[in-house]
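So you can see what is in the structure, the chains are spelled out below.
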Amino acid sequence: MYQMELADGEQANGLANLLNMLLSQNLASNPEKQNLARKMNCSIGLYTTDTDQHCTLVFGRDKLNIKNGLVKPVRVQVSANTSHLIDVSQLKVVGGWFPSGFFTKRGWQIIKEILAGRLKVKGLVTHLLTVIRFISLVSIAR
Amino acid sequence: MKFASQEWCDAFKKVVNDDKDLTSWFSDGANFNYKFEIFAEGSGKFQLYFQKGTVDYCGAPQGDTDFILGSDVDTWKKIASGSDAASKLFTLGKLKVSKGPLDIIIRNVVALDKICAKVGLIATEW
């Protein structure tokens, strides 16, 4: 079982706690997502623009460590608001690599937000597979 | 009315159910059959049962629920005043979901925001 850890324990910020809950539930219910998490082997930084919170997800071989703040180096850095995070978590990714959810109304809206610069994904082009795998991990889409 | 008193719960059930758009807020209103326990720290708690996307029961705790969510009074006042949406405060960690599948909350975040905001329509004594 892929482990999850909040590095800051009781002091973990809201964003870190939310991602911990979401990823814990997603991985517990889906062994394929556990395999995907093992393959990540990188760090992803997240920042919520409307709540001004940072956290870093450090994907190890057997454990995900979620830390407050932006802890560099990160392979991908996401800057988004609450609505973006909620929308992205509802995108479907087939087989952990095909983001079919982008071909939906919600998906097109997310693409527009990226193009408008309101949702920023640093590393989107250079680490596209990492981004897609991350979406797959946080996705609640069936 | 005192928060979570039966009088308050009756008023809350009415303002929620009276909204003709209620079931449309859910991703699948016809199958939204969940029980919630909702608390305000230091002020009280109540239970809210949904059956097919409408409130079937609102009142004193009667048993186990599918979800437990709530916050401190200051956060509820922000939600009630409309200054912040429940979903944003959820991301901030101010509105806590201590029990229940998060995917249901995420899928129905519009309903979460709109139903929580209905607290502002009731003159509440915290």
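Reading the values: rules and limits
Residues numbered from 1 in each chain as written. Chains lettered and ligands numbered in written order. Predicted model: local features only at pLDDT ≥ 70, side-chain atom pairs only at ≥ 80, totals over all residues. Heavy atoms only, no water. Helix = DSSP H or I, 4+ residues; strand = E, 2+ residues; numbered from the N terminus. Buried < 20%, exposed > 50% of the residue type's maximum accessible area, 1.4 Å probe, protein only. Contact = heavy atoms within 4.5 Å. Buried area = accessible area lost by both parts, 1.4 Å probe. Salt bridge = Lys/Arg side-chain N within 4 Å of Asp/Glu carboxyl O. Polar contact = N/O pair within 3.5 Å; in protein donor to acceptor, adjacent residues only side chain to side chain. Pairing = 2+ DSSP bridges. Axes fitted to C-alpha atoms, helices over the stretch in contact; angles between N-to-C directions. Patch = residues over 30% accessible without salt bridge, like charges linked within 9 Å, V, L, I, M, F, W, Y side chains within 5 Å. Areas by Shrake-Rupley, 256 points an atom, 1.4 Å probe, with all protein chains shown as cover. pLDDT = per-residue confidence, 0-100. Core = buried A, V, L, I, M, F, W, Y, C linked by side-chain atoms within 4.5 Å.

This brings us to the overall build of chain A. In terms of helices and strands, chain A carries 5 helices and 6 strands. Counting from the amino terminus, helix and strand elements in chain A follow one another as β-α-α-β-β-β-β-α-α-β-α. Once the C-alpha set of chain A is aligned to its principal axes, its extents read approximately 35 × 30 × 25 Å. Counting the 142 residues in chain A, one finds 47% classified as buried. Counted over contacts in chain A with a minimum sequence separation of 6, partners at least 24 positions apart contribute 66%.

What follows covers the interface of chain B and chain A. Listed by partner, the interface residues are 15 residues for chain B and 17 residues for chain A. Roughly 1400 Å² of surface becomes buried between chain B and chain A when both sides are summed, with 66% attributable to carbon and sulfur atoms. Its largest share of buried area at the contact with chain A, chain B owes to T91, I106 and R107 of chain B, together 43% of the area lost on that side. Between chain B and chain A we count 1 salt bridge in total. A salt bridge links R142 of chain A to D103 of chain B; its shortest N-O distance comes to 3.4 Å. Joining chain B to chain A, the criterion identifies 7 residue pairs in polar contact (both at pLDDT 80 or more). Sorting the residues of the side of chain B that touches chain A by element identifies α3 (86–92) and α4 (102–107) of chain B as the ones contributing at least two each.

Another point: the sheet that holds strand β5 (residues 76–80) of chain A. All names here are of chain A. One open sheet holds the 6 strands; their spatial order is β1-β4-β3-β2-β5-β6, and the pairing between them is mixed. Each edge of the open sheet carries a strand with a single partner, namely β1 (3–6) and β6 (120–122). Averaged over all neighbouring strand pairs, the angle between strand axes comes to 15 degrees, with direction disregarded. Judged from the 3 bridges that link them, β5 and β6 form a sheet pairing that is antiparallel. Following the sheet pairing, Q77 is matched in β6 by K122. Packed onto the sheet, helix α1 (residues 14–29) meets β1, β2 (43–48), β3 (53–59) and β4 (63–68) and runs at close to 35 degrees relative to β3.

This part covers the sheet that holds strand β3 (residues 54–59) of chain B. Residues and elements named next belong to chain B. Strand order across the open sheet formed by 5 strands is β3-β2-β1-β4-β5, with mixed pairing between neighbours. Edge positions in the sheet fall to β3 and β5 (96–99), since each of these pairs with one other strand and no more. Strand-to-strand twist across the sheet, computed as the mean angle between neighbouring axes with direction ignored, equals 25 degrees. Alignment of strand β1 (residues 35–40) against strand β4 (residues 67–71), held across 5 bridges, turns out to be parallel. Bridging across to β4, F36 finds its partner in F67.

Moving on: a nonpolar patch on the surface. Together, V94, W97, F98, F103, W108 and L129 of chain A make up an exposed nonpolar region whose accessible area comes to about 680 Å². Mapped onto the secondary structure, V94 of chain A falls in the loop between α3 (82–88) and α4 (105–115).

Residues and elements named next belong to chain B. Across chain B, the average pLDDT comes to 95, with 100% of residues at 70 or higher. At the low end of the mean pLDDT range in chain B sits α3, at 91; at the high end sits β3, at 98. Among the scores for the predicted complex, ipTM is 0.88 and pTM is 0.91.

Residues and elements named next belong to chain A. The omega torsion of the bond from K72 to P73 falls at 5 degrees, within 30 degrees of zero and hence cis. Residue position: P73 is located in the loop between β4 and β5. Unlike most non-glycine residues, N41 shows phi in positive territory, near 45 degrees. Unlike most non-glycine residues, D52 shows phi in positive territory, near 55 degrees. Residue position: D52 is located in the loop between β2 and β3.

Right, let's talk about the side chain of S43 of chain A for a bit. Here S43 of chain A lies in strand β2. Every residue in contact with S43 of chain A, bar those within four places of it in the chain, is listed here: T56, L57, V58, P73, V74, R75 and V76 of chain A.

We now examine the nonpolar core. L57 and F59 of chain A together with F12 and F46 of chain B are the most contacted members of the largest nonpolar core, which totals 78 residues. Contact partners of L57 of chain A, with chain neighbours within four places excluded, come to L19, L23, C42, S43, I44, L46, L64, N65, I66 and F134 of chain A.

Below, the discussion takes up the pattern of salt bridges. The final tally for this structure, using the stated rule, is 10 salt bridges over all chains. D84 of chain B is paired through a salt bridge with K88 of chain B; the nearest N and O atoms lie 3.3 Å apart. The exposure class assigned to K88 of chain B is partly exposed, which follows from its relative accessible area of 23%. Overlapping salt bridges bring together R142 of chain A together with D103 and R107 of chain B as one network.

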